[in-house]
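Inside the fold
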Amino acid sequence: MRIAQVLTASTGGIGRHVGSVVTRLVQRGHAVRIYAPDRTARAQGLDDLGADLLPLTRLGRLAGADVVHAHGYKAGAIGMGASRLRRPPLVVTWHNAVLGHGWRTAGGRLLQRVVARGADLTLGASTDLVIEARRLGARNAQLAPVAAPVLGNSRLSPEVQRRNLGLTDRDVLILTVGRLAPQKNLGLVLEIARSVRDHGELRFVIAGDGPLREDLADRARADGSNVVLVGHHDDVASLLGAADLALLTSVWEARALAAQEALLSGVPLLSTRVGGIEELVGDAAVLFDPHDLGKAVEELLDLAHDPGRRATLRAAGLARAATWPDEDQVVDELLIRYRGLIG
């Protein structure tokens, strides 16, 4: 099968997902072309997957493709415009919701509607995205979970990693991993940390990079709270191995990679109840309303001071994670859908 994968700017989960999919499609003998911006290709290592890599400016009419798979509604719009004349089947995966207000948001929602109606198959990473796609006129919208890529082995033991972070055996490490961007609502991490700063054993680490890094660092210093920003970290497995608790504060997520990585690593998760999080984790994590700071602080303190509850959550998380499709199963399902469209 000749498969075109199209994505726009991505330095995070979407690009990692595409890399995972392409790797497995090539392993199965399919001819894959990736159309992506140079920055995305470099950030995600897309030039080392055994597929043809072309810039978005070379889309043309996607000549020779049996199926086109675009990731995100912006990529979907580009795929629609490029494939109008030849019309290979177009699959568009919705990974994110359109959030916020203003003319940019209004433009995004209009583009969503156009792509929903123009795609032959719309795949949503969470049920709320599938519902929204149907509401906007998608002819065929289905749930298609996105698996978290395997983290690999930790490079450092938990003891060494904790020592590198300046932690003692008595400290409780609360870890947040994600892009430092508005959707991740990382100001809430700082608010929680400020609320519990009298508990000196609670240590917060935020791993990731993004446009809000300097602002968050300035706020953390001003608060005098136990929050450390370690920037981009290429050994998240070691951080998770050292963590006592994972904290996710996003205003919306579909199948958050950070949540999947936490449960797969056996780290208890405290998360906002938004988007597809609850359907992802079930009762294997503690969830709170993103606007309820008091509840977040109450649950965090209870978990931090109750190793037995954390152990129960750890076991529940591992059991829940065992029910999720892995990367190979995700690609198997995609191939079934591709063949259905071609047929």
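Residues numbered from 1 in each chain as written. Predicted model: local features only at pLDDT ≥ 70, side-chain atom pairs only at ≥ 80, totals over all residues. Heavy atoms only, no water.

1. Some points on the pattern of salt bridges
- With the rule as written, the count across this model stands at 20 salt bridges.
- Ionic pairing is found between arginine 139 and aspartate 120, a salt bridge with its closest N-O pair at 3.8 Å. Linking arginine 139 in the loop between helix 5 (127-135) and strand 7 (141-143) with aspartate 120 in the loop between helix 4 (103-118) and strand 6 (121-124), this pair joins segments that are 19 residues apart in sequence.
- Residue class for aspartate 120 comes out partly exposed when judged on its relative accessible area of 30%.
- Between arginine 213 and aspartate 209 there is a salt bridge; the shortest N-O distance is 3.8 Å.
- For arginine 213, a relative accessible area of 33% puts it in the partly exposed group.
- What you see here is one network of salt bridges that share partners, running through Arg24, Arg28, Glu327, Asp328 and Asp332. (Salt bridge = Lys/Arg side-chain N within 4 Å of Asp/Glu carboxyl O. Helix = DSSP H or I, 4+ residues; strand = E, 2+ residues; numbered from the N terminus. Buried < 20%, exposed > 50% of the residue type's maximum accessible area, 1.4 Å probe, protein only.)

2. Quick word on the pairing of strand 6
- Of the two faces of strand 6, the one lined by Leu121 and Leu123 and the one lined by Thr122 and Gly124 are each fully buried.
- Relative to strand 6, strand 5 (residues 90-94) is paired through four bridges, and the arrangement is parallel. In the sheet register, threonine 93 faces strand 6, and the bridge partner there is leucine 123.
- Where the polypeptide runs from strand 5 across helix 4 and back to strand 6, its parallel neighbour, the crossover connection is right-handed.
- A crossover connection joins strand 6 to the parallel strand 7 through helix 5; in handedness this β-α-β unit is right-handed. (Pairing = 2+ DSSP bridges. Right-handed = clockwise from strand over helix to strand, strands pointing away.)

3. A short note on the environment of isoleucine 277
- In this fold, isoleucine 277 is placed in helix 11 (residues 277-281).
- Note on isoleucine 277: relative accessible area 0%, which makes it buried.
- With 276 residues separating them in the primary sequence, isoleucine 277 and methionine 1 have C-alpha atoms 34 Å apart.
- If near-sequence neighbours (up to four positions away) are discounted, isoleucine 277 is found in contact with Leu248, Glu253, Ala254, Ala256, Ala259, Ser271, Thr272 and Leu287. (Contact = heavy atoms within 4.5 Å.)

4. What about the nonpolar core?
- One finds Ile174, Ile192, Leu202, Phe204, Val227, Leu247 and Leu300 to be the most contacted residues of the largest nonpolar core, which totals 28 residues.
- Of all elements in the fold, only strand 8 (172-177), helix 7 (187-195), strand 9 (202-207), helix 8 (213-223), strand 10 (227-231), strand 11 (245-248), strand 13 (286-288) and helix 12 (293-304) reach the threshold of two or more residues within this core.
- Contact partners of phenylalanine 204, with chain neighbours within four places excluded, come to Ile174, Val189, Ile192, Ala193, Val196, Asn226, Val227, Val228, Leu247 and Leu300. (Core = buried A, V, L, I, M, F, W, Y, C linked by side-chain atoms within 4.5 Å.)

5. Examining the pairing of strand 5
- Of all the five residues making up strand 5, five are buried; the element is thus mostly covered by neighbouring parts of the structure.
- By the alternation rule, side chains of strand 5 split into Leu90, Val92 and Trp94 and Val91 and Thr93, which are all buried.
- Relative to strand 5, strand 4 (residues 67-71) runs parallel, the two sharing four bridges. Residue pairing across strands places valine 68 opposite leucine 90, the latter belonging to strand 5.

6. Observations regarding the sheet that holds strand 8
- Taken together, six strands build an open sheet; the order of strands is 10-9-8-11-12-13 and the sheet is parallel. Only two strands of the sheet have a single neighbouring strand rather than two, namely strand 10 and strand 13. Recorded for the sheet is a direction-independent mean angle of 25° between the axes of neighbouring strands.
- The sheet contact formed by strand 8 and strand 11 spans two bridges and is parallel. When the bridges of strand 11 are listed, leucine 175 appears paired with alanine 246. (Axes fitted to C-alpha atoms, helices over the stretch in contact; angles between N-to-C directions.)

7. Thoughts on the sheet that holds strand 1 (residues 2-7)
- Sheet architecture is open: seven strands sit in the order 3-2-1-4-5-6-7, paired in parallel fashion. If you trace the sheet from one side to the other, it starts and ends with strand 3 (52-54) and strand 7, each paired once. Taken pair by pair, the neighbouring strands of this sheet meet at an average axis angle of 20°, ignoring direction.
- In this structure, strand 6 lies alongside strand 7, joined through three bridges in parallel fashion. Bridge pairing in strand 7 places glycine 124 opposite leucine 143.
- Against the sheet, helix 5 touches strand 5, strand 6 and strand 7, its axis set at about 175° to strand 7.

8. Quick word on helix 12
- Compared with the 16 Å implied by 1.5 Å per residue over twelve residues, the 16 Å span of helix 12 between its first and last C-alpha is a close match.
- The complete set of buried residues in helix 12 reads Ala296, Val297, Glu299, Leu300, Leu303 and Ala304. Seen end-on, helix 12 carries its buried residues on one side only, within an arc spanning 170°. (Expected span 1.5 Å × (residues − 1). Arc of directions from axis to C-beta.)

9. Considerations on the side chain of serine 238
- Relative to the assigned elements, serine 238 resides in helix 9 (residues 236-242).
- Serine 238 sits in the buried class, given a relative accessible area of 1%.
- At 3.1 Å, the side chain of serine 238 forms a polar contact with the backbone nitrogen of arginine 155.
- Within the structure, the side chain of serine 238 is placed 3.1 Å from the backbone nitrogen of leucine 156, a separation counted as a polar contact.
- Excluding residues within four positions of it along the chain, serine 238 makes contact with Ser154, Arg155, Leu156 and Gln161. (Polar contact = N/O pair within 3.5 Å; in protein donor to acceptor, adjacent residues only side chain to side chain.)

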